[in-house]
Amino acid sequence: MDNVNAIRNALKEPLSSQVLQRLGQIQDLELEQDLISAGMVRALALDGTCLQVGLVVPYPCQSQYRERVMSLTQALAELPGIDEVECELGLAVPEIRVGGIAPIANVRNVIAVGSGKGGVGKSTTAVNLALALAAEGARVGVLDADIYGPSVPIMLGCQDFRPVSRDGKTMEPAFAHGVSAMSMGFMVTEDNAAVWRGPMAAGALVQLVNETQWPELDYLVIDMPPGTGDIQLTLSQKVPVSGAVIVTTPQEIATADARKGITMFNKVNIPVLGIVENMSYHVCNQCGSKEHPFGHGGGLETAKRYNVPLLGELPLNVTVREGVDNGHPSVVAEPDGEIAQAYKAIARKTAAALIRQSEPQSLAIEITLE
């Protein structure tokens, strides 16, 4: 409402009503709000017949900037009395707090990626989600929370990294493909295994989170271990997780376990941002036919049952597996490919879902006339 009044007070009638009406007609599909209601209009200036607009998006969507600017410019330029529109678009990721857990230094938001069972491609999804958020303009880190089977170092191609401490208290993370990363795999060699009981492993994980010297991050993506045991509960209760993403495959045995994961996050009051259905379909290389080897619709049915979004459906494709095995996940190996675009769409939806489940924010608008 403050933004609306500011526009009315600054722009003369009937221009103010026309600008309000037009901005109110332009919807942000991910936030499911118009630009004014979403608080995205941060600056307006009228210089003669040139309308200058400043927008700030609260979730990363850099790949869509050009299209959004062109669409807005065209819509506003049709108004009488305006011959030219100049539009600037930027990113400002807010910090979303859930519960009373102390925040991690330098980390705005924590997104946990979990699954009720192993073998559904959770780690692959977590790594590509982190890379997609970064590709869309955010500052991102990845924490490999699978103490017993860390795979993030291999997937990011930095398995030879060994953490160092500059201050004797915290460890420097690895940096690969534009994201920061920390994993027990950096400290335990490939031929060894962490043989710890649940509480000890959970304690080590919390220590790993808090004793890493993270740079300024908009999002820290945590690749959770599969299941709903000690480590998952400890992480949920001692780390300020802003929201969770559940990964499943379409088959009933996977969605049944995914429902357990959703229930666990609900019990510890962590919002479930949505479901990613991995290995959803396979496109034949020879004939192009689309098949569903693990069934169809399990992710959507689960999403409807728990009233959460289906964030996306990812294909069963050998290049996805080859990418993480070679340390070049799909988002960086083929950034313009269909699979990378699918991950970026999931990233946008995930970050927007985090905004939608948070408390409304008061955003100030600056309006000047010359």
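That block above? That's the structure.
Residues numbered from 1 in each chain as written. Predicted model: local features only at pLDDT ≥ 70, side-chain atom pairs only at ≥ 80, totals over all residues. Heavy atoms only, no water.

Section: the overall build of the protein chain
Under the convention used in this document: Working definition: helices are DSSP H or I runs of at least four residues, strands are E runs of at least two. Numbering for both runs from the N terminus. Each residue gets one of three labels from its accessible area relative to the maximum for its type: buried under 20%, exposed over 50%, partly exposed in between, using a 1.4 Å probe on protein chains only. Contacts were defined at the residue level, with two residues in contact if any of their heavy atoms lie within 4.5 Å. Where accessible areas are quoted, they stem from the Shrake-Rupley method and a 1.4 Å probe; at the residue level, only the protein chains shown are allowed to cover.
When helices and strands are tallied, the protein chain shows 12 helices and 15 strands. Counting the 370 residues in the protein chain, one finds 53% classified as buried. Summarising the internal contacts of the protein chain: among those between residues at least 6 apart in sequence, 75% fall at separations of at least 24. As displayed, the protein chain has an accessible area near 17,000 Å², and 48% of this comes from carbon and sulfur atoms.

Structural notes on the environment of Q33
Positionally, Q33 belongs in strand β2 (residues 33-34). Along the backbone, Q33 and R356 are 323 residues apart, and their C-alpha atoms lie at a distance of 9.6 Å. The contacts of Q33, once residues within four sequence positions are left out, are I26, Q27, D28 and A38.

Concerning the packing of helix α4 (residues 122-135) against helix α12 (residues 338-356)
As a reminder of what qualifies: Inter-axis angles, ranging from 0 to 180 degrees, are taken between N-to-C directions of lines fitted to C-alpha atoms, where helices are fitted over the stretch in contact. In this scheme, roughly parallel covers angles under 35 degrees and roughly antiparallel covers those over 145, while 65 to 115 is roughly perpendicular and the rest are oblique. In this classification, Asp, Glu, Lys and Arg are treated as charged, Ala, Val, Leu, Ile, Met, Phe, Trp, Tyr, Cys and Pro as nonpolar, and every other residue, Gly included, as polar.
At a minimum axis separation of 8 Å, α4 and α12 run at an interaxial angle of 80 degrees. What the angle tells us is that α4 and α12 run roughly perpendicular. Residue-level inspection shows T124, T125, N128, L129, A132, L133 and A135 of α4 in contact with α12, the latter providing Y343, K344, I346, A347, T350 and A351. Across the contact of α4 with α12, the residue classes tally to eight nonpolar, four polar and one charged.

Some points on unusual backbone geometry
A positive phi is found at E32, a non-glycine position, where the angle reads about 60 degrees. Structurally, the position occupied by E32 is in the loop between β1 (27-28) and β2. Residue class for E32 comes out exposed when judged on its relative accessible area of 58%. In this structure, N307 is a non-glycine residue whose phi angle is positive, near 55 degrees. Locating N307 in the fold gives a position in the loop between α9 (298-305) and β14 (310-315). N307 sits in the exposed class, given a relative accessible area of 72%.

As for the layout of surface pockets
For the record, the criterion: Think of a 1 Å grid over just the protein atoms. A cavity is a set of points where a 1.4 Å probe fits yet cannot get out, a pocket is an open set with protein on both sides within 12 Å along at least five of seven lines, and lining residues have an atom within 4 Å of a point. Grid points are joined across faces, edges and corners, and a volume is the space filled by probe spheres set on the points.
For the second largest pocket, the calculated volume is near 370 Å³. Lining the second largest pocket are 27 residues, with V120, G121, T124, N278 and M279 positioned closest to its centre. Going through the elements one at a time, α4, β12 (272-283), β14, α10 (318-325) and α12 are the ones with two or more residues in the lining of the second largest pocket. Here the element with the most residues in the lining of the second largest pocket is α10; it accounts for five residues.

Focus on empty space enclosed by the protein
In this structure the tally under the stated criterion is two cavities of 30 Å³ or more. Looking at the largest cavity, its volume works out to about 80 Å³. Along the wall of the largest cavity there are 13 residues; nearest its centre are I96, R97, P103, R108 and P240. Of the residues assigned to the lining of the largest cavity, the class counts are eight nonpolar, two polar and three charged.

A few points about helix α8 (residues 252-267)
Heads up, the condition is: In this scheme, a helix's expected span is set at 1.5 Å multiplied by one less than its residue total.
For α8, built from 16 residues, the straight-helix expectation of 22 Å at 1.5 Å per residue is met to within 8% by its first-to-last C-alpha distance of 23 Å. All of the buried residues in α8 are A254, T255, D257, A258, R259, G261, I262, M264 and F265. As for α8, its buried residues are in contact with β6 (107-114), α7 (230-238), β11 (243-248), β12 and α9.

Quick notes on the side chain of T302
Residue placement: T302 occurs in helix α9. Using a relative accessible area of 2% as the deciding quantity, one classes T302 as buried.

Remarks on the pairing of β6
How we decide: Pairing between strands is defined by DSSP: at least two bridges between the two strands are required.
Among the eight residues that make up β6, seven are buried, leaving the element largely enclosed by the rest of the structure. Note that β6 and strand β10 (residues 217-223) share six bridges and pair parallel. When the bridges of β10 are listed, I111 appears paired with V221. Sheet topology note: the β6/β11 ladder contains four bridges and is parallel. Pairing of V113 across the sheet is with V245, part of β11.

Observations regarding a negative patch on the surface
Here is the rule: For patches, a residue must show more than 30% relative accessible area and have no salt bridge; joins then use 9 Å for like charges and 5 Å for nonpolar side chains, namely Val, Leu, Ile, Met, Phe, Trp and Tyr. Only one rule defines a salt bridge in this text: a Lys or Arg side-chain nitrogen within 4 Å of an Asp or Glu carboxyl oxygen. Positive charge is attributed to Lys and Arg, negative charge to Asp and Glu, and no charge count is given to His or to the chain ends. The atoms used to mark charge sites are NZ of Lys, CZ of Arg, CG of Asp and CD of Glu.
A cluster of acidic side chains, namely D47, D83, E84, E86 and E88, defines a negative patch on the protein surface. Among the secondary structure elements, D47 is positioned in strand β3 (residues 41-47).

Some details on the environment of T73
Among the structural elements, T73 can be located in helix α3 (residues 65-77). With 14 residues separating them in the primary sequence, T73 and C87 have C-alpha atoms 6.8 Å apart. Leaving out residues up to four positions away in the same chain, T73 has contacts with V85 and C87.

Observations regarding the environment of L220
Mapped onto the secondary structure, L220 falls in strand β10. Note: C-alpha distance between L220 and R108 (112 residues apart in sequence) is 7.9 Å. Dropping the residues within four chain positions of it, L220 is found in contact with I104, V107, N109, V110, I111, G141, V142, L143 and W214.

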